[in-house]
Structure formats: structure tokens, C-alpha cells
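Commentary on secondary and tertiary structure
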Amino acid sequence: MRVHVVSDVHGRADALAAAGRGADAFICLGDLVLFTDYANPGGGIMGDLFGAEAVRRMVRLRTDNRFDEARAWSQSLWAELGGDRTQIVEDAVRRQYAQLFAAFPTPTYLTFGNVDLPHLYPDFLRSGITLLDGQTVELDGWRFGFVGGGLSSPMRTPYEIDEGTFAAKVAALGAVDVLCCHIPPHLPELVYDVVAGRFERGSTAILAAIHDTRPRYVLFGHVHQPLLASIEIGGTRCVNVGHFNATGRPFVLEW
């Protein structure tokens with residue numbers, strides 16, 4: 001069995017079809033949307049709306065961990081633009097989702113990232129594309145469990161949930177062979193982004209599940225440039241499958 005796994009797609013619809021070639025199944029761990037393109041400030045939803053220079057300033061503030069100032073700057077941009085902010089964003093996200101979901105190979109199993117709008121997913125699902133969150137699926141004798149979303153952070157991204165809700169989804173899976181989630185277990189080596197120079201949010205519930213149920217693998221994304229991409233915990237291999245937007249390459253799991 002050969003499964004290809006990606007995370008943090010952030011708009012790379014052009015690379016999805018190739019990433020699925022040769023796979024018996026394809027898994028996506030979320031963050032489909034490209035709101036702010038750190039590498040190309042003129043891209044993404046914010047770049048399209050406000051231009052590269054405005055986004056470049058917001059990126060500098062976020063990189064300096066000045067999140068309140070970044071939020072105030074963003075709010076001033078939206079105030080000048082006018083219109084219904086929610087509708088403008090949803091329309092832009094829908095355009096991205098239409099391209100991304102059309103590019104998914106089949107079968108694809110996916111969950112949400114923290115930078116996603118879950119309420120829009122049902123409009124784009126099709127035969128062979130299965131959404132899982134707090135649910136499991138069996139692939140060639142291995143049980144895969146999926147937990148989507150992120151935890152509350154200073155970034156205030158669209159799909160952040162409280163720790164209790166997240167932990168309940170992890171618990172609902174029971175024992176699995178492969179635990180698939182967007183965010184990593186809460187370990188410094190896995191949650192520290194060496195380029196951003198900050199710790200992202202990891203999950204203590206995932207870490208507890210590793211100790212309690214001992215899955216073969218825990219697969220995740222979220223941290224684009226982690227201090228360590230892989231670590232072993234008592235026989236469980238924890239793997240950051242990579243920043244797909246930057247690499248265009250999947251993580252390959254075979255058994």
C-alpha cells in the first residue's frame with residue numbers, strides 16, 4: 001500500500017495532481033487556503049486585495065511577533081476597502097477551493113487546517129473525496145484517524161478551537177495505526193519554526209494519545225520550517241509531512 005500525504009497546500013492547486021501520482025490513496029491535512037503569501041506578498045487573498053507593500057508591512061509585524069499591531073494594520077486596510085468583509089473573503093476562498101478540490105486525485109481523504117473555512121467544504125466535496133474530522137477510515141488493514149483544526153493562538157486564524165473540543169475529537173478516534181492531524185504534538189522540537197523564530201501551538205491531547213494508544217505514525221503539518229521534521233516517541237514515528245506550498249512534494253507512506 002502506498003499513501004501520499006500533504007499539508008499546508010496554501011493554494012498550490014497546480015501541484016496536487018502530480019503529488020498523487022503512483023499513490024493508492026491521497027491524504028491532505030489541511031490549510032488549503034492562501035490568505036497571506038509570505039514569500040510573495042503580492043499573492044494570496046490579501047495581496048490581491050491590498051497589494052504587495054501593504055502585505056509586506058503586515059508580514060513584518062507578524063514576523064516580529066507584534067500581532068496586535070498587525071491586526072490593527074489589517075483592520076485599517078479593510079476599513080479603507082469597504083464592503084462586506086466576510087462575503088469578500090468567502091468569495092475569494094470559494095475561488096481557491098474550486099481549483100483545489102478539482103485538482104485532488106481519488107481517493108482523497110482530508111481534514112481541516114487552522115487556515116480553512118470548514119462550513120464551505122460541503123459545497124466542493126465530490127465522489128472519491130472524503131472529509132474526516134474526529135473520524136477514522138481503514139486503508140489496507142491500517143486504521144487512520146483524522147483530527148482537523150488548530151488551537152487558539154495570537155494569529156486568530158479562521159478555524160481555531162479550544163483545547164477541550166480538540167481533545168474530544170482525539171479521544172473519539174480510539175486506537176489507530178496512523179493519527180493524521182493538522183497540528184503537531186506539543187513538543188518544542190516539533191512546534192518551533194526556525195524561520196519565523198517562534199513556537200506554534202501544538203496539542204497535548206495528541207501527545208497523550210501517543211503515550212496511551214501508541215500509533216505507528218502521527219502525521220501533521222502546520223509548522224512550515226520546524227526545528228525537527230521527524231521524531232520517535234516510544235515506537236511512534238511523528239512526522240511533519242512538509243510545507244507543500246513550498247515543496248510541491250508529498251510524504252510517502254508505504255507498508
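No experiment lies behind these values; they were computed from the predicted model shown.

1. Some remarks on the overall build of the chain
Counting its secondary structure elements, the chain contains nine helices and 15 strands. Computed over the C-alpha atoms, the radius of gyration of the chain is 18 Å, within 12% of the 18 Å expected from 2.2 N^0.38 for a compact globule of 255 residues. Over its C-alpha atoms, taken along the principal directions, the chain stretches across nearly 55 × 35 × 30 Å. Here the chain holds 255 residues, and 54% of them are scored as buried. Here the contacts in the chain between residues at least 6 apart in sequence split such that 59% fall between residues at least 24 apart. Accessible surface computed for the chain: about 11,000 Å², of which carbon and sulfur atoms make up 50%. Taking the 22 positively charged and 29 negatively charged side chains of the chain as two groups, their mean positions are separated by 3 Å.

2. Some details on the UniProt feature "domain: Calcineurin-like phosphoesterase" (unreviewed entry) in the chain
With numbering matched to this structure, UniProt assigns "domain: Calcineurin-like phosphoesterase" (unreviewed entry) to residues 1-226. Between the end C-alpha atoms of residues 1-226 there is a gap of 28 Å, over a span that is 38% helix and 19% strand.

3. Re helix α5 (residues 85-103)
Spanning 19 residues, α5 covers 28 Å between terminal C-alpha atoms, matching the ideal 27 Å at 1.5 Å per step. Regarding α5, the residues found buried are V89, E90, A92, V93, Q96, Y97, L100, F101 and A103. Elements that come into contact with the buried residues of α5 comprise α1 (13-19), α2 (44-50), α4 (67-81), β3 (108-110) and β4 (129-131). A distance of 3.1 Å separates the backbone nitrogen of T86 from a side-chain oxygen at the start of α5, and that oxygen is part of D84.

4. Structural notes on the sheet that holds strand β13 (residues 230-233)
Pairing within the open sheet is mixed, and its six strands lie in the order β5-β6-β9-β12-β14-β13. In the strand order of this sheet, the two ends are held by β5 (135-139) and β13, each with one partner. Direction aside, neighbouring strands of the sheet carry axes that sit 20° apart on average. Strand direction decides the pairing type here: β13 and strand β14 (residues 236-240), joined by four bridges, are antiparallel. Opposite I231, over in β14, you have C238 as the bridge partner. Contacts from helix α6 (residues 163-173) reach β5, β6 (142-147) and β9 (178-181) within the one sheet, and its direction differs from that of β6 by about 170°.

5. Some thoughts on the nonpolar core
If you look at the biggest cluster of nonpolar residues, it comprises 62 residues, and the most contacted ones within it are L32, V93, Y97, F101, F104, L179 and I206. Take this core: its biggest share by element is seven residues, from α5. L132, V137, L219 and F251 belong to the second-largest nonpolar core, a separate cluster that totals 20 residues.

6. Here we look at unusual backbone geometry
Here T106 and P107 are connected by a cis peptide whose omega angle stands at 0°. Within the secondary structure, P107 is located in the loop between α5 and β3. Residue D31 is not a glycine yet carries a positive backbone phi of 60°. The class of D31 is buried, set by a relative accessible area of 2%. At H222, a position not held by glycine, the phi torsion is positive, near 75°. Within the secondary structure, H222 is located in the loop between β12 (217-220) and β13.

7. Describing the packing of aromatic side chains
According to the stated counting rule, one finds 14 aromatic pairs in the structure shown. Between the aromatic rings of W142 and Y217, the centroid separation amounts to 6.4 Å while the plane-to-plane angle is 35°, which identifies the pairing as tilted. Of this pair, W142 sits in strand β6 while Y217 sits in strand β12; the two residues are 75 residues apart in sequence, bridging distant segments of the chain. Under the relative-accessibility criterion, Y217 is labelled buried at 17%. Considering the side-chain rings of W142 and W255, the 4.2 Å spacing of their centres and the 10° angle between planes classify their relative orientation as stacked. Of the two residues, W142 is situated in strand β6 and W255 in the segment after β15 (251-254); the sequence distance between them amounts to 113 residues. An aromatic cluster is present here, built from F26, Y97, F101, F104, F112, Y121, F124 and Y159 joined pairwise through their rings. Lying over the aromatic face of W73, R57 brings its terminal NZ or CZ to 3.9 Å of the ring centre.

Scoring rules and cut-offs
- Residues numbered from 1 in each chain as written.
- Predicted model: local features only at pLDDT ≥ 70, side-chain atom pairs only at ≥ 80, totals over all residues.
- Heavy atoms only, no water.
- Helix = DSSP H or I, 4+ residues; strand = E, 2+ residues; numbered from the N terminus.
- Rg over C-alpha atoms; globule rule 2.2 N^0.38 Å.
- Buried < 20%, exposed > 50% of the residue type's maximum accessible area, 1.4 Å probe, protein only.
- Contact = heavy atoms within 4.5 Å.
- Areas by Shrake-Rupley, 256 points an atom, 1.4 Å probe, with all protein chains shown as cover.
- Lys, Arg positive; Asp, Glu negative; His and termini not counted.
- Charge placed at Lys NZ, Arg CZ, Asp CG, Glu CD.
- UniProt positions renumbered as here; feature names shortened; annotations may be inferred.
- Expected span 1.5 Å × (residues − 1).
- Polar contact = N/O pair within 3.5 Å; in protein donor to acceptor, adjacent residues only side chain to side chain.
- Pairing = 2+ DSSP bridges.
- Axes fitted to C-alpha atoms, helices over the stretch in contact; angles between N-to-C directions.
- Core = buried A, V, L, I, M, F, W, Y, C linked by side-chain atoms within 4.5 Å.
- Phe/Tyr/Trp six-rings, centres within 6.5 Å; stacked < 30°, edge-to-face > 60°.
- Lys NZ or Arg CZ within 6 Å of the ring centre and 35° of its normal.

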